[in-house]
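Structural description and commentary
Letter by letter, the chains look like this.
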Amino acid sequence: MGVSFKYWDDCLDADDMEEMWNDVEVSKEWIDAGEMKGQKVHLSRDPDGQAFLTQTEMKAVAGIVARRHFLSQIDPDMICAISELESDRQPLAMRYNKKTKDTTVGIMQCFHTAADVFRDRNEEFVVRAYRGGPKKANHKSTLDYWRRYLLVKQSLPSRRRMFENHSSVPNDSAPAVHVPQDKGEWRYWDSRASPEDMEELWKDSDVLREWTKSGEQRGKVRFSHDPEKRPYLSRPELRA
C-alpha cells in the first residue's frame, strides 16, 4: 500500500515518531491541535488541500536528519531554509527538469546523491551547489539563490525564543515565516528590499492581490503581524 501522506505515522517509523513526540514544541503543537499520543497524527493541510509541515515540525525533522545522517555537523536551520525555498515544506512536492530529465521530490527536492554536497564544505558552497551542482557553486547563476536562502534562514523563528515565551508559530492554515522583531527596520518591506526587488514583488499577481486587499501603497508596504505583534512573511511573499 502506498503512503497516503494523511498521517505522520504513515511517513515515519515508530522511533522517529517517538523523537517527534519527545520534542517539547512539537508535542505542545500536536496536543493543542487535538492530537493524542498512541493515535495517528494528522498532517496539516493548506487551503488548497496540500499536505505540509508546520515550521515547528520542520525544525524537529531537520534536527533528526542533522543528528542521524550528518552527526550534527550541519546546521538544522540550513535544512529548514532550503525546504522553504524548494517546496514550501510540502512532502508531495515534485519537479521535473526538462533539460536534465531528472525528477526531484519531497520537501528538499533531493536527488539521491544530493547529500554529498553537504559534507565538508562551507555554508555558501553547500547552498549554491545544492541549487546548481558543485560545478556552479561559485557561478553567478546560483548567487540569487544564495541571497534568497540567507533571507529565509534569517526569517526562521527562533525555537529558544518561542519556547521561553511559551508561544508558537501563527496558524499554519496560512503558513508564515516570522522575521526578527527587535529592529524598527522590519516595519516596512521598502526598508528591507531594493526598489528593483519591490517592483518585482508588485508584479507578482498573488502578492499584488494580497497587498491591494490590505490597502498597501507603493513606497510604504507594511509587514504582516500576528496577534502577538510579531512581523512575518506571508506565503505569497515568501514564494515571490
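Everything quoted here is computed from the prediction, not taken from an experiment.

Here the focus is the nonpolar core. In this structure, W8, M20, W30, M58, W189, M198 and W211 are the most contacted members of the largest nonpolar core, which totals 44 residues. Contributions of two or more residues to this core are made by α1 (14-22), α2 (24-32), α3 (55-70), α4 (76-87), α5 (123-132), α6 (143-155), α8 (195-203) and α9 (205-213). Per element, the largest residue contribution to this core is seven residues, and it comes from α3. Two domains each donate at least three residues to this core, and these are domain 1 (8-155) and domain 2 (189-231). For M198, the contacting residues outside a window of four places in its chain are W189, D190, A193, W211 and V221.

Considering all chains together, one arrives at 14 salt bridges under this definition. E19 is paired through a salt bridge with R67; the nearest N and O atoms lie 2.8 Å apart. Within this pair, whereas E19 is found in helix α1, its partner R67 is found in helix α3, the two being separated by 48 residues in sequence. E19 gets classed as partly exposed once you look at its relative accessible area, which sits at 29%.

Another point: α9. For α9, the side-chain oxygen to backbone nitrogen distance between the N-cap and D206 is 3.0 Å, and the N-cap itself is D204. Once α9 finishes, G215 follows within two positions and takes phi at roughly 80°, a positive value.

Each pair of aromatic rings is reported with the distance of its centres and the angle of its planes. According to the stated counting rule, one finds six aromatic pairs in the structure shown. With centroids separated by 5.9 Å and ring planes inclined at 50°, the aromatic side chains of W8 and W30 adopt a geometry described as tilted. Residue W8 is located in the segment before α1, and its partner W30 is located in helix α2; the two are separated by 22 residues in the primary sequence. An angle of 80° between the planes, with centres 5.0 Å apart, marks the rings of W21 and W30 as edge-to-face. Comparing W21 with W30 shows no difference in burial state: the two are buried. Among the aromatic residues, those joined into a cluster by ring pairs are W189, W202, W211 and F223.

Moving on, we get to unusual backbone geometry. Positive phi, close to 55°, is recorded for D88, a residue that is not glycine. Positionally, D88 belongs in the loop between α4 and β3 (94-97). Judged by its relative accessible area of 7%, D88 falls in the buried class.

A word on the side chain of S83. Looking at the secondary structure, you find S83 in helix α4. The buried category is assigned to S83, whose relative accessible area is 0%. When near neighbours in sequence (up to four residues on either side) are disregarded, S83 contacts M58, D88, R89, I107 and M108.

With that out of the way, let us pick up the packing of α1 against α2. One can describe the packing of α1 onto α2 by two numbers: an axis separation of 5 Å at closest approach and a directional angle of 90°. As the angle between them shows, α1 and α2 are arranged roughly perpendicular. Taken together, the residues of α2 that come into contact with α1 (itself represented by M17, M20, W21 and N22) are V24, V26, S27, W30 and I31. A breakdown of the residues in the contact of α1 with α2 according to their chemical character gives seven nonpolar, two polar and no charged.

So, about α5. Turning to α5, its buried residues number three or more, namely F125, V126, V127, R128, A129 and Y130. Its side-chain oxygen placed 3.3 Å from the backbone nitrogen of E124, N122 serves as the N-cap of α5. G133 occupies a position one or two residues after α5 and carries a positive phi of about 95°.

With that settled, consider the side chain of R89. Among the secondary structure elements, R89 is positioned in the loop between α4 and β3. Engagement of the side chain of R89 in a polar contact is seen with the backbone oxygen of L53, the distance being 2.4 Å.

Right, let's get into the confidence of the model for the protein chain. Confidence in the prediction for the protein chain averages 77 pLDDT; 75% of positions are at 70 or higher. Taken as a whole, residues 159-176 scores under 50 in pLDDT and shows 44 contacts with residues more than four places along the chain or in a different chain.

This part takes up the packing of α4 against α6. Two measures define how a pair of helices packs: the angle their axes make with one another and the distance between the axes. Where α4 meets α6, the axes come as close as 9 Å, and the angle between the chain directions of the two elements is 115°. Considering the angle they form, α4 stands roughly perpendicular to α6. Between α4 and α6 lies a crossing of right-handed hand. Between α4, through D77, M78, A81, I82, E84, L85 and E86, and α6, the contact on the second element is made entirely by Y145, R148, Y149, V152 and K153. Partitioning the contact of α4 with α6 into residue classes produces seven nonpolar, no polar and five charged.

Rules used in this analysis
- Residues numbered from 1 in each chain as written.
- Predicted model: local features only at pLDDT ≥ 70, side-chain atom pairs only at ≥ 80, totals over all residues.
- Heavy atoms only, no water.
- Core = buried A, V, L, I, M, F, W, Y, C linked by side-chain atoms within 4.5 Å.
- Buried < 20%, exposed > 50% of the residue type's maximum accessible area, 1.4 Å probe, protein only.
- Helix = DSSP H or I, 4+ residues; strand = E, 2+ residues; numbered from the N terminus.
- Domains from an automatic or database assignment.
- Contact = heavy atoms within 4.5 Å.
- Salt bridge = Lys/Arg side-chain N within 4 Å of Asp/Glu carboxyl O.
- Polar contact = N/O pair within 3.5 Å; in protein donor to acceptor, adjacent residues only side chain to side chain.
- Phe/Tyr/Trp six-rings, centres within 6.5 Å; stacked < 30°, edge-to-face > 60°.
- Axes fitted to C-alpha atoms, helices over the stretch in contact; angles between N-to-C directions.
- Parallel < 35°, antiparallel > 145°, perpendicular 65-115°, else oblique.
- Nonpolar A, V, L, I, M, F, W, Y, C, P; charged D, E, K, R; others polar.
- pLDDT = per-residue confidence, 0-100.
- Left-handed = near helix turned anticlockwise from the far one by under 90°.

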